[in-house]
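One-letter residues, chain by chain:
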Amino acid sequence: MFRNNYDNDAVTFSPQGRIFQVEYAQEAVKQGSVVVGLVNKTHCVLVGLKRNAEELSSYQKKIIEIDSHMAIAIAGLASDARVLSNFMKQQSLGSKMTYGRPIPLDRIVGQIGDRAQTNTQHYGKRPYGVGLLVGGVDEAGPHLFEFQPSGLTHEMSACAIGARSQMARTYLERNLDKFMDCSRDELITHGLRALKETLSQDKELTVDNTSVGVVGMAAEGAKGRIESFKLYEGQETVPLLEALEQSESAGAGEGESMEVDS
Amino acid sequence: MDHFPGTWGRPRNDVYGAYDPTYLQTTGPKTHTSSPAVTGTSVIGVKFNGGVVLATDNLASYGSLARFTDVKRLRVFGDNAVVGFGGDVSDMQYIDRLLESIDIRENYSTHGNMLNAKNLHTYLAKVFYKRRSEFNPLWNHVLVAGFDVDGKPFLSSADLLGTTFSAPHLATGFGAHLAVPILRRRFPEEMPIEEITREEAVSALKDCLKVLFYRDARSIDKYSIAVITKEGIDLKEDEQIEGQSWAFAERIRGYGRQTN
């Protein structure tokens with residue numbers, strides 16, 4: 001039987017230059033339920049599809065608030081995500097304590113990237129089995145970052161990770177030019193539409209399985225500089241899901257005419 | 001001479017008695033950190049409409065000796081923050097290295113150094129407080145000038161104990177006694193800083209520096225002055241106190257060579 005000798009630890013390259021343990025960790029991300037993130041000029045939106053292990057159990061949390069200016073959406077091993085989110089909470093609190101400022105997004109993403117990378121270079125360690133979308137605002141405006149178990153981080157204008165996320169990415173790529181100038185509420189609807197694309201035939205978005213997180217710059221004349229992170233779950237998602245439904249019935253005519261064009 | 005080289009050249013026990021080791025303090029706390037050595041005197045600062053101005057003289061004293069007469073005690077940080085140092089000069093240089101490393105670290109971030117004067121002041125106050133809690137204080141009193149997160153002029157002080165204090169005009173050291181009353185008279189409490197022009201603020205500081213040079217024996221008539229505005233920092237480090245008048249010195253009695 002074929003035996004792969006190069007996947008026993010995360011520190012050995014295969015002759016093809018691959019590190020299998022890291023690639024397996026990336027597979028764990030693909031097993032997780034999907035999360036979508038996107039930004040416009042003022043806001044960052046994270047949406048996630050929650051799963052419950054069994055009918056009687058609660059749903060696994062997909063979006064974790066790190067601080068009032070940022071949050072993460074997770075796909076993969078939730079317990080690994082908890083380790084990372086605890087670390088991020090500490091760093092964020094540390095920045096507020098020592099400098100009196102919310103930690104810049106690129107700084108904290110760099111820190112978790114470094115942590116994840118060391119796990120791929122030390123014998124006896126394993127990579128994190130989780131992918132993150134880090135969304136938030138800092139002095140330079142709203143940001144979205146993707147984090148992978150390899151330690152790779154990218155700043156994105158829109159991104160989706162997790163099971164069947166390709167469908168969401170396709171939606172995001174097709175509509176990318178609409179995001180930048182759309183409103184906060186439209187951005188949420190775009191996020192939910194991308195999320196809906198990933199659903200299999202028999203599934204739909206409900207108040208139970210949908211999670212939406214929004215953070216952004218404060219509107220003109222509003223108190224404070226930022227609109228603090230707000231997580232919508234359960235009944236609070238009703239208006240958002242209604243807006244999604246409306247946009248789809250409005251978009252249906254649009255879709256047909258596009259088909260005629262092609 | 002005996003066969004024990006370790007005792008050669010030492011006072012002999014049979015002649016002078018055994019050495020009394022209590023003269024050598026080998027235990028007890030470290031004390032050399034509990035007083036400054038080479039010191040800078042006052043730092044003074046005033047907020048005005050659209051910015052802050054900060055000034056120090058260029059002297060570092062060794063006790064009462066005017067030891068170094070060309071020491072720059074204003075330190076620029078980032079695009080629009082300045083720290084003015086009073087107190088121990090070697091501790092100032094240590095903090096300067098801390099700030100340098102923060103500046104470098106910050107500049108690696110995508111958007112450059114985004115720490116403003118307020119962030120810097122918070123940080124310095126924490127450093128001072130940590131060090132005093134270790135009984136190893138950084139012997140300084142600093143003023144931090146610049147802008148806060150909303151772009152409003154910012155001026156605040158932090159001292160060796162980690163105490164912070166903020167006001168429209170501030171001074172450390174001897175200046176806290178001599179300059180602050182002058183500044184208070186010039187810019188009363190009820191006067192909003194929007195009514196203070198840059199020129200008024202600068203000339204007030206120059207007058208304060210002159211009074212300090214007259215009356216503070218640890219001062220010198222060469223000074224540095226930094227004007228921080230949104231446009232940037234105008235730092236002059238080689239200025240001379242103008243318009244001195246020592247006529248009053250003739251009438252001083254009570255010390256010196258005269259006897260009557």
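Remember, predicted model here, so these are calculated numbers, not experimental data.

### As for the overall build of chain B
Scanning chain B for helices and strands turns up five helices and 13 strands. The principal-axis extent of the C-alpha atoms belonging to chain B is close to 85 × 70 × 30 Å. Of the contacts made within chain B by residues no fewer than 6 positions apart, 63% connect residues no fewer than 24 positions apart. As displayed, chain B offers around 15000 Å² of accessible surface, 53% of which is attributable to carbon and sulfur atoms. Each charge class in chain B can be summarised by its mean position, and for the 30 positive and 32 negative side chains these summaries are 5 Å apart.

### Looking at the sheet that holds strand β4 (residues 70–76) of chain A
Remark on secondary structure: sheet strands pair via backbone hydrogen bonds, oriented parallel or antiparallel. All names here are of chain A. Pairing within the open sheet is antiparallel, and its five strands lie in the order β3-β4-β5-β6-β7. With partners counted over all chains shown, the strands left at the sheet margins are β3 (63–67) and β7 (153–155), one partner each. Between one strand axis and the next, the sheet turns by 20° as a mean value, whatever way the strands run. Bridge analysis of β3 against β4 gives four bridges, and the strand direction is antiparallel.

### Topic: the packing of helix α4 (residues 165–179) of chain A against helix α5 (residues 184–197) of chain A
Residues and elements named next belong to chain A. At a minimum axis distance of 8 Å, the contact between α4 and α5 shows a crossing angle of 155°. On the basis of their axis angle, the class for α4 and α5 is roughly antiparallel. Seen from above, α4 lies across α5 with right-handed handedness. Side by side, α4 and α5 meet where M167, A168, Y171, L172, K178 and F179 of the first sit next to L187, H190, R193, A194 and E197 of the second. Taken together, the residues of the contact of α4 with α5 sort by class into seven nonpolar, one polar and three charged.

### Observations concerning the packing of helix α2 (residues 78–99) of chain A against helix α3 (residues 117–133) of chain B
Across the interface, α2 of chain A lies against α3 of chain B with an axial gap of 6 Å and an inter-helix angle of 90°. If you check the angle between α2 of chain A and α3 of chain B, you find them roughly perpendicular. Between α2 of chain A and α3 of chain B, the residues in contact are M97, T98 and Y99 of chain A and N119, T122, Y123 and K126 of chain B, respectively. In the contact of α2 of chain A with α3 of chain B, the residues fall into three nonpolar, three polar and one charged.

### Some thoughts on α4 of chain A
Residue and element names in this part refer to chain A. The end-to-end C-alpha separation of α4 is 18 Å, well short of the 21 Å expected for 15 residues at 1.5 Å each. Approximately 45° is the largest bend angle found in α4, and it occurs at E173. Here α4 has its buried residues at S165, A168, Y171, L172, N175 and F179. Close packing links the buried residues of α4 with β1 (35–39), β8 (158–161) and α5.

### A closer look at the UniProt feature "domain: Proteasome alpha-type subunits" (unreviewed entry) in chain A
The sites that carry the UniProt feature "domain: Proteasome alpha-type subunits" (unreviewed entry) are, in the present numbering, residues 6–28 of chain A. For residues 6–28 of chain A, the end-to-end C-alpha separation is 18 Å, with 39% helix and 0% strand making up the annotated structure.

### A look at the interface of chain B and chain A
With 14 residues of chain B at the contact, the number on the chain A side is 12 residues. Carbon and sulfur atoms make up 50% of the surface buried where chain B meets chain A, a total of about 1300 Å² over both sides. Here chain B and chain A share two salt bridges between them. Put simply, R107 of chain A and E106 of chain B hold a salt bridge, and the shortest N to O gap is 3.0 Å.

### Examining the pattern of salt bridges
Two side chains carrying opposite charge are able to pair once their charged atoms lie near each other. One pass over the full model with this rule turns up 21 salt bridges over all chains. Of the charged contacts in the structure, one is a salt bridge between K72 of chain B and D70 of chain B, with a shortest N-O distance of 3.3 Å. Here D207 of chain B ties to R186 of chain B by a salt bridge, and the two come within 2.6 Å at their closest N and O atoms. Of the two residues, D207 of chain B is situated in helix α5 (residues 198–215) and R186 of chain B in helix α4 (residues 175–186); the sequence distance between them amounts to 21 residues. What makes R186 of chain B partly exposed here is its relative accessible area of 34%. One continuous salt-bridge network, built from bridges that share partners, spans R101 and R107 of chain A together with E106 of chain B.

### What about the pairing of β1 of chain A?
In summary, the side chains of a regular strand alternate between the two faces of the sheet. All names here are of chain A. Buried residues dominate β1, accounting for five of its five residues. Neither face of β1 is left uncovered, since the one carrying V35, G37 and V39 and the one carrying V36 and L38 both have all their residues buried. Note that β1 and strand β2 (residues 43–49) share five bridges and pair antiparallel. Residue pairing for β2: G37 is matched across the bridge by L46. Where β1 hands over to β2, the hairpin turn is made up of three residues, counted between the paired strands.

Rules used throughout
Residues numbered from 1 in each chain as written. Chains lettered and ligands numbered in written order. Predicted model: local features only at pLDDT ≥ 70, side-chain atom pairs only at ≥ 80, totals over all residues. Heavy atoms only, no water. Helix = DSSP H or I, 4+ residues; strand = E, 2+ residues; numbered from the N terminus. Contact = heavy atoms within 4.5 Å. Areas by Shrake-Rupley, 256 points an atom, 1.4 Å probe, with all protein chains shown as cover. Lys, Arg positive; Asp, Glu negative; His and termini not counted. Charge placed at Lys NZ, Arg CZ, Asp CG, Glu CD. Pairing = 2+ DSSP bridges. Axes fitted to C-alpha atoms, helices over the stretch in contact; angles between N-to-C directions. Parallel < 35°, antiparallel > 145°, perpendicular 65-115°, else oblique. Left-handed = near helix turned anticlockwise from the far one by under 90°. Nonpolar A, V, L, I, M, F, W, Y, C, P; charged D, E, K, R; others polar. Expected span 1.5 Å × (residues − 1). Bend = angle between axes of the 7 residues up to and from the residue. Buried < 20%, exposed > 50% of the residue type's maximum accessible area, 1.4 Å probe, protein only. UniProt positions renumbered as here; feature names shortened; annotations may be inferred. Buried area = accessible area lost by both parts, 1.4 Å probe. Salt bridge = Lys/Arg side-chain N within 4 Å of Asp/Glu carboxyl O.

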